[in-house]
Amino acid sequence: MAEERFNTAVKRFETANTGVFWDADGCKKPVGLNAVVVSQNIRSALKRLNYHGEVSIFAYGESNKILDGLESDPNELPINIFKQTSNTFDYRGDEYGRLQRILTDFMCWQVDNPVPANVMLVLGDDISSRDEFVCALNHLSSSHYNMHFAYPQGAAEPKNFPVHTKWLWESLSVRGTLIKYEDKRT
């Protein structure tokens, strides 16, 4: 599919806030990139689709791996990835705890960010069999949130999820193109 087809956001979501919930253990940073560059690439990918609202990125995983490669104190970065618009949570290999925290945080985030708003989940695990995620995504979709999803190559693609866009993590993390786009501008 040509990238030009994906150059338009759903109009009512173009200037809406976007919450990105990144499982940094399941979707690792590409070799040679740090979390700041990856966050800039995510923001750029969204901007290329005409999403221009505030983007908050929340990274979950082992803090030392998320912060690896940064040349300055995370609290002094020129962008807010580890300040007000992003947070890191250290779960040292506890996959269940990490995913539960992501679920809790994106449901809490939506309370503070009513529709129109965008939610992007970047998850390394197939959550199709996790009823709590399926219920939460269906709730957000039925509440008219604009849903985006990214997952790593080789992972099972989530089926029947109410999402507007899908990316392979290896593409999104380097500002790449979409793999699926559903036009919901009806």
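A brief report on the enclosed structure follows.

The rules we used
- Residues numbered from 1 in each chain as written.
- Predicted model: local features only at pLDDT ≥ 70, side-chain atom pairs only at ≥ 80, totals over all residues.
- Heavy atoms only, no water.
- Buried < 20%, exposed > 50% of the residue type's maximum accessible area, 1.4 Å probe, protein only.
- Helix = DSSP H or I, 4+ residues; strand = E, 2+ residues; numbered from the N terminus.
- Pairing = 2+ DSSP bridges.
- Salt bridge = Lys/Arg side-chain N within 4 Å of Asp/Glu carboxyl O.
- Expected span 1.5 Å × (residues − 1).
- Polar contact = N/O pair within 3.5 Å; in protein donor to acceptor, adjacent residues only side chain to side chain.
- Arc of directions from axis to C-beta.
- Contact = heavy atoms within 4.5 Å.
- Axes fitted to C-alpha atoms, helices over the stretch in contact; angles between N-to-C directions.
- Parallel < 35°, antiparallel > 145°, perpendicular 65-115°, else oblique.
- Left-handed = near helix turned anticlockwise from the far one by under 90°.
- Nonpolar A, V, L, I, M, F, W, Y, C, P; charged D, E, K, R; others polar.
- Right-handed = clockwise from strand over helix to strand, strands pointing away.

**Examining the pairing of strand E2 (residues 55-60)**
Here is step 1: Among the 6 residues of E2, 6 are classified as buried, and the element is accordingly described as predominantly covered.
Here is step 2: Because side chains alternate across E2, one face comprises the buried residues Val55, Ile57 and Ala59, and the other comprises Ser56, Phe58 and Tyr60, equally buried.
Here is step 3: Relative to E2, strand E1 (residues 17-23) is paired through 6 bridges, and the arrangement is parallel. Across the sheet, the residue bridging to Phe21 is Phe58, located in E2.

**Quick word on the pattern of salt bridges**
In a structure, side chains of opposite charge can pair up when their charged atoms sit close to one another.
Here is step 1: This model, assessed by the stated rule, comprises 5 salt bridges.
Here is step 2: Across the pair Arg98 and Asp23 runs a salt bridge, and its minimum N-O distance is 2.7 Å. Placement of the pair is Arg98 in helix H3 (residues 95-112) and Asp23 in strand E1, with a sequence separation of 75 residues. The same class applies to Arg98 as to Asp23, namely buried.
Here is step 3: Here Arg101 ties to Asp105 by a salt bridge, and the two come within 3.0 Å at their closest N and O atoms. Taken together, the positions of Arg101 and Asp105, both in helix H3 and 4 residues apart, correspond to about one turn of that helix.
Here is step 4: Residue classification places Asp105 among the buried positions, given a relative accessible area of 14%.
Here is step 5: Where salt bridges share partners, they join Asp23, Asp25 and Arg98 into one cluster.

**Focus on helix H1 (residues 35-48)**
Here is step 1: Counted at 1.5 Å a residue, the expected span for H1 with its 14 residues is 20 Å, and the 20 Å between its end C-alpha atoms agrees.
Here is step 2: A side-chain oxygen of the first residue of H1 lies 2.9 Å from the backbone nitrogen of Val36; this N-cap is Asn34.
Here is step 3: Asn50 lies just past H1 and shows a positive phi near 75°.

**Section: helix H4 (residues 131-142)**
Here is step 1: In a regular helix each residue adds 1.5 Å, so 12 residues correspond to 16 Å; H4 covers 16 Å between its end C-alpha atoms and thus fits that length.
Here is step 2: Those residues of H4 that sit buried are Phe133, Ala136, Leu137 and Leu140. Buried residues along H4 cover an arc of 95° about the axis, so they all sit on one side. Turned more than 90 degrees away from the buried face of H4 sit Asp131, Cys135 and Ser142, all of them exposed.
Here is step 3: For H4, the elements touching its buried residues are H3, strand E4 (117-122) and strand E5 (146-151).

**Here we look at the packing of H3 against H4**
Here is step 1: As a packed pair, H3 and H4 sit with axes 11 Å apart at the nearest point and diverge in direction by 15°. Considering their axes alone, H3 and H4 lie roughly parallel with respect to each other. Where H3 crosses over H4, the two elements pack in a sense that is left-handed. Residues Leu99, Gln100, Leu103, Phe106, Met107 and Gln110 of H3 pack against Glu132, Phe133, Ala136, Leu137, His139 and Leu140 of H4.
Here is step 2: Here the contact of H3 with H4 is composed, by residue class, of 8 nonpolar, 3 polar and 1 charged.

**Remarks on the pairing of E5**
The side chains of a regular strand alternate between the sheet's two faces.
Here is step 1: Burial of E5 is extensive: 6 of the 6 residues sit out of reach of the surface.
Here is step 2: Going residue by residue along E5, you find Asn146, His148 and Ala150 tucked away on one face and Met147, Phe149 and Tyr151 tucked away on the opposite face as well.
Here is step 3: Alignment of E4 against E5, held across 5 bridges, turns out to be parallel. By the bridge assignment, Asn118 is partnered in E5 with Asn146.
Here is step 4: Taking the sense of rotation as the criterion, the β-α-β connection linking E4, H4 and E5 turns out right-handed.
Here is step 5: The pairing of E5 with strand E6 (residues 165-168) spans 4 bridges and is parallel. The residue of E6 that forms the bridge with His148 is Thr165.

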